[in-house]
Amino acid sequence: KAPDINKGLEDFRATKGAVLLDVRTKEEYAERKIEGSVNLPLQEIEKIASIIPDKNTPIFLHCRSGKRSSRAAKILVSMGYTRAVNIGGIKDYR
């Protein structure tokens, strides 16, 4: 079962110091975005340290459907980020 982005956003808003990371393309982000999110396309995920240098920062990731954000979360964990969570896809955002 895919994560519920609406529940994920509640968790994000309740987490002090958290970052909401949208890993869709810049074009997708320009069309529709969630207030307060930061855009870093999946294909540029290696640039994360310039945006979030602290590897213990809570990072809530989303994309269109949840697939890219799932991949991004796994990549971030492999890079040493300890609190990267996929919250699903913006297509289910209410």
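As the structure is a computational prediction, the values presented were derived from the model and not from experiment.

Engineer: What's the story with the nonpolar core in this structure? I'm lost.
Structural biologist: Leu21, Val23, Ile45, Ile48, Ile59, Leu61 and Leu76 are the most contacted members of the largest nonpolar core, which has 16 residues in total. Looking at this core, the elements with two or more residues in it are strand E1 (19-22), strand E3 (59-63) and helix H4 (67-78). Other than its neighbours up to four places away in sequence, Ile59 contacts Val19, Leu21, Ile52, Leu76, Tyr81, Arg83, Ala84 and Val85. Formed by nine residues, the second largest nonpolar core is a distinct cluster that contains Leu9, Phe12, Ala18 and Ile87.

Engineer: Explanation requested: the side chain of Asn39 in the structure shown.
Structural biologist: Relative to the helices and strands, Asn39 is located in strand E2 (residues 37-39). Judged by relative accessible area, which is 15%, Asn39 ranks as buried. Within the structure, the side chain of Asn39 is placed 3.1 Å from the backbone oxygen of Asp22, a separation counted as a polar contact. Within the structure, the side chain of Asn39 is placed 3.0 Å from the backbone oxygen of Arg24, a separation counted as a polar contact. When neighbours within four sequence positions are excluded, Asn39 is seen to be in contact with Asp22, Arg24, Thr25, Lys26 and Tyr29.

Engineer: Help me understand H4, please; the structure alone is not making it clear to me.
Structural biologist: Residues spaced three or four apart along an α-helix face the same direction, because each turn holds 3.6 residues. Over its twelve residues, H4 extends 17 Å from the first C-alpha to the last, a length consistent with the 16 Å expected when each residue adds 1.5 Å. All of the buried residues in H4 are Ser69, Ala72, Ala73 and Leu76. Buried residues along H4 cover an arc of 105° about the axis, so they all sit on one side. Exposed and oriented more than 90 degrees from the buried face of H4 are Lys67, Arg71, Lys74 and Ser78. If you follow the buried residues of H4, they end up packed against helix H3 (48-51), E3 and strand E4 (84-89). Immediately downstream of H4, the backbone of Gly80 shows phi near 105°, a positive value.

Quick notes on the rules
Residues numbered from 1 in each chain as written. Predicted model: local features only at pLDDT ≥ 70, side-chain atom pairs only at ≥ 80, totals over all residues. Heavy atoms only, no water. Core = buried A, V, L, I, M, F, W, Y, C linked by side-chain atoms within 4.5 Å. Buried < 20%, exposed > 50% of the residue type's maximum accessible area, 1.4 Å probe, protein only. Helix = DSSP H or I, 4+ residues; strand = E, 2+ residues; numbered from the N terminus. Contact = heavy atoms within 4.5 Å. Polar contact = N/O pair within 3.5 Å; in protein donor to acceptor, adjacent residues only side chain to side chain. Expected span 1.5 Å × (residues − 1). Arc of directions from axis to C-beta.

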